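# Survey of secondary and tertiary structure
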Amino acid sequence: MNLVVAEKPSVAQSIGKVLGCTGRQDGYLEGNGYLVSWCVGHLIELAEPETYDSKYEKWKKEDLPIIPDIFKYQVAASTKKQFQILKDLMNRDDVTVVTNACDAGREGELIFRLVYDKAGCKKPMKRLWISSMEDEAIRNGFDNLADGKDYDRLYEAALCRERADWIVGINATRFFTCSYGQTLNVGRVMTPTLALTVEREAQIRAFKPEDFYQVQLEGNDLIFTGERIPDKDEAEDLAEKCRTESKAVVTKADINEKLENAPALFDLTSLQREANKRYGFTAQQTLDYAQSLYEKKLLTYPRTDSRFLTDDMETTASSILGIIGNKLSIKITDELNFKKILNSKKVTDHHAIIPTETLRSTDVEALPEGEKKILQLAATRLAESVSAPCKYKETVAEVSCLGKTYTLKGKYIADPGWRSVANTKDKDSDEDSRVIILDFKAGDTVAIDKTSVKAGKTTPPKSYTEDTLLSAMEKAGCDEIPDEAERKGLGTPATRAGVIEKLVRIGFLERRGDKKTKYLVPTHKGETLITVIPESIQSASMTADWEQKLLEIEKGSYDADAFMIEITQMIRKLLDTYRIVPDAEVLMHPVYEPLGKCPHCGSNVVEKSKGFFCENKDCKFALWKDNRFFDSLSKKLTKQIAVQLLTDGKAKLKKCRSVKTGKSYDTTVVLSTTDNGQPQFTLDFTKGGK
């Protein structure tokens, strides 16, 4: 009997169906010579410090560092039943082999192996390694099961990643929390990611906009623009002199035809970035949608860092292209080249993300909206990637007047090629893509009909969006890592979304902005952490170097023990050499701007992360952002509404919607307080809310 262990019940169902193993039992399927069961995420987890010694229940600096000689593991409290089922199945006399069918990646290997080891299983182990949940892919996978020992190094790297995160997280979090008297969570990947956002916001705050001016010359119905000049009077004087000169000499007049190659297929990070730009999806939302599509057999394995298909997949890609052309109404261009997307040498664990042939028999309209959009993106990218380059003509002309150079640039698309698939515009080209005709050549003289001065202002860098932060994480430390390194940056495609979500969840980052474009901005707490954390913990290049070494452990080219020694040495050095930042008390307690007066006691009301609170600690007045009363109106208690309530005692609201009836209406919310200071709200439907 072959016991197959999947990562989720839904995946187990799909595998069981293909294997003919459909008899339902408690926690597993049985039939046709197979038992198919499942984990539920991480059934086994690293034990808490107090498991090693009860003294660790209290956080004390003198007890650090906590570095176990042998790491202990425990069964997660919520999954004890399923672990016991797996343990019993692994120890059944009729089970002769156990197959790891968890997700084909580092974390999937870890999830299975910890259960296998904790259950004390010694039976032969096989590995199912597939990139698609389609029936045919599952059948082929079981026809070609690998020896489980072939993935020992992958498991070793997974253990190193997990244990390194535990050592850094436990020790650094306890150390800085004890040092500064408030909870300061620290993580091996999380903290350098936070540091990126803090550095960006510091650049924005330090930025001082500067005015600049550019002289423009008009002639032959064309406008030539000069270099930036910081002084307005100087620019206007130059413009006047050029007008008096009334002519300029052509120094360059070129029209060049150029090619813009089609974009590569999606890996997970590039898919997350594109979905954020187009739809405002968070990295986690995109991963969740893609994972669901994978489990529905509509998308290939999403947690990939490759943007190519293997050399033998041309027929598959061609077949899928035909399906998406019919099923999703995606334009397929005439000139196709599949060789561009095939490169087995650039495919590591999994190939790029593409739709599957299951799409042919799927009712796409029945899918949730988010999943439809991700599927459409992946399908469109496949069609684009095999299409011809976009051909465009670029015009560059320069003229010289009074020793200064003035430039004209233009660009128009001659043949859209891959851009015609989704009808996308080139962001660098003019909206009307007008053709610029040059009726002169180098050495000719152009009459100046008019001069003018164009004013401008330098702009600061923008706060990170999900898209740009993912890009920064992907590139972090690249300048200091050898070009031949296969994996660079902070985290992996599979983990970056979780890192961002954790930073938001624990209050180090917050999302600001409108529905589509949200910026990831560090909170005061997040900025404080980076202010007091030493370079060794927040260094992007160091963490990226560790990520590369984990990959080398997978390949057997770096020693796992050496990696763990490096991590422990870093933590020991931190604890031995770190000095408390002077005046840290000021950093830890932000000064809040008053929004208005408390209607109960008259003290200032200030905004904090979860609401608007009276500064008088004895007063119970608080306007919570997560507010049931406003939820019942289908509204959010925003800062603007809070200020109106504090200033006028009321706030007019438009287009409220009843949760019960669904009807919309306008009203005025009136604020009052109880005898002990708690807020009360009433609705006034009279005109003006009087």
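The structure we're discussing is the one just above.
Throughout what follows, the structure given in this document is the object of discussion. Note that the structure is a prediction, hence the values are computed from the model and not measured.

## What to know about the overall build of the chain
Secondary structure summary: the chain contains 21 helices and 26 strands in total. When the backbone C-alpha atoms are referred to their principal axes, the chain occupies close to 100 × 75 × 65 Å. Considering the chain as a whole, with its 690 residues, one finds that 49% of them fall into the buried category. Taking the intrachain contacts of the chain between residues at least 6 apart in sequence as the baseline, contacts between residues at least 24 apart amount to 70%. Separation of charge centres in the chain, based on 103 positive and 106 negative side chains, amounts to 5 Å.

## Quick notes on the pairing of strand β20 (residues 594-597)
Relative to strand β21 (residues 604-608), β20 is paired through 3 bridges, and the arrangement is antiparallel. Paired with K597 across the strands is N604, a residue of β21. Hairpin geometry of β20 and β21 is characterised by an intervening segment of 6 residues between the two adjacent antiparallel strands and by a positive phi of about 90° at G602.

## What to know about the pairing of strand β19 (residues 518-522)
Sheet topology note: the strand β17 (residues 464-465)/β19 ladder contains 2 bridges and is antiparallel. Among the inter-strand pairings, Y464 is bridged to a residue of β19, identified as L520. Where strand β18 (residues 509-513) lies against β19, 5 bridges are found, and the strand directions are antiparallel. From the neighbouring strand, L509 faces β19, where its bridge partner is P522.

## Considerations on the nonpolar core
Of all hydrophobic cores here, the largest spans 90 residues; its most connected members are M90, V98, F176 and F563. Per element, the largest residue contribution to this core is 14 residues, and it comes from helix α5 (residues 152-180). Residue contacts for F563: discarding those within four places in its chain leaves C160, A164, W546, K549, L550, I553 and Y558. One finds L265, I330, A352 and A378 within the second-largest nonpolar core, a separate group that totals 36 residues.

## Points about the packing of α5 against helix α18 (residues 560-577)
The interhelical angle for the contact between α5 and α18, taken along N-to-C directions, is 5°, at an axis separation of 10 Å. By the criterion of interaxial angle, the relationship of α5 to α18 is roughly parallel. Along its contact with α5, which presents E156, C160, R163, A164, I167, V168, N171, F175 and F176, the element α18 presents A560, F563, M564, I567, T568, M570, I571, L574 and L575. In terms of residue class, the contact of α5 with α18 is built from 14 nonpolar, 2 polar and 2 charged.

## Considerations on the sheet that holds strand β24 (residues 650-657)
Backbone-to-backbone hydrogen bonds join strands into a sheet, with any given pair of strands oriented parallel or antiparallel. The antiparallel open sheet is built from 3 strands, whose spatial order is β24-β25-β26. Only two strands of the sheet have a single partner each, and these edge strands are β24 and β26 (679-684). Averaged over all pairs of adjacent strands, the angle between strand axes in this sheet comes to 35°, irrespective of strand direction. Pairing geometry for strand β25 (residues 664-673) and β26, over 6 bridges, is antiparallel. Bridging from a neighbouring strand, V670 pairs with T682 of β26.

## A look at the pattern of salt bridges
All chains considered together, the criterion is met by 41 salt bridges. As a salt-bridge pair, K247 and E245 come within 3.5 Å of each other at their nearest N and O atoms. By relative accessible area, which is 42% here, K247 ends up partly exposed. Between K372 and E369 there is a salt bridge; the shortest N-O distance is 3.4 Å. Pair noted here: K372 and E369 are both in helix α11 (residues 369-385), with a separation of 3 residues, about one helical turn. Take E369: its relative accessible area is 48%, and that puts it in the partly exposed class.

## Regarding the sheet that holds strand β7 (residues 97-101)
Pairing is mixed in the open sheet, where 7 strands are placed in the order β2-β3-β4-β1-β7-β8-β9. On the outer flanks of this sheet lie β2 (23-25) and β9 (146-147), each paired with one strand and no other. Relative to strand β4 (residues 34-38), strand β3 (residues 28-31) runs antiparallel, the two being bridged by 4 bridges. Bridged to G31 within β4 is Y34.

## Concerning the side chain of T465
Its place among the elements puts T465 in strand β17. With residues up to four places along the chain from it excluded, the contact list for T465 reads N276, T517, K518, Y519 and L520.

Calculation notes
Residues numbered from 1 in each chain as written. Predicted model: local features only at pLDDT ≥ 70, side-chain atom pairs only at ≥ 80, totals over all residues. Heavy atoms only, no water. Helix = DSSP H or I, 4+ residues; strand = E, 2+ residues; numbered from the N terminus. Buried < 20%, exposed > 50% of the residue type's maximum accessible area, 1.4 Å probe, protein only. Contact = heavy atoms within 4.5 Å. Lys, Arg positive; Asp, Glu negative; His and termini not counted. Charge placed at Lys NZ, Arg CZ, Asp CG, Glu CD. Pairing = 2+ DSSP bridges. Core = buried A, V, L, I, M, F, W, Y, C linked by side-chain atoms within 4.5 Å. Axes fitted to C-alpha atoms, helices over the stretch in contact; angles between N-to-C directions. Parallel < 35°, antiparallel > 145°, perpendicular 65-115°, else oblique. Nonpolar A, V, L, I, M, F, W, Y, C, P; charged D, E, K, R; others polar. Salt bridge = Lys/Arg side-chain N within 4 Å of Asp/Glu carboxyl O.

Any functional reading would require information that these geometric values do not contain.
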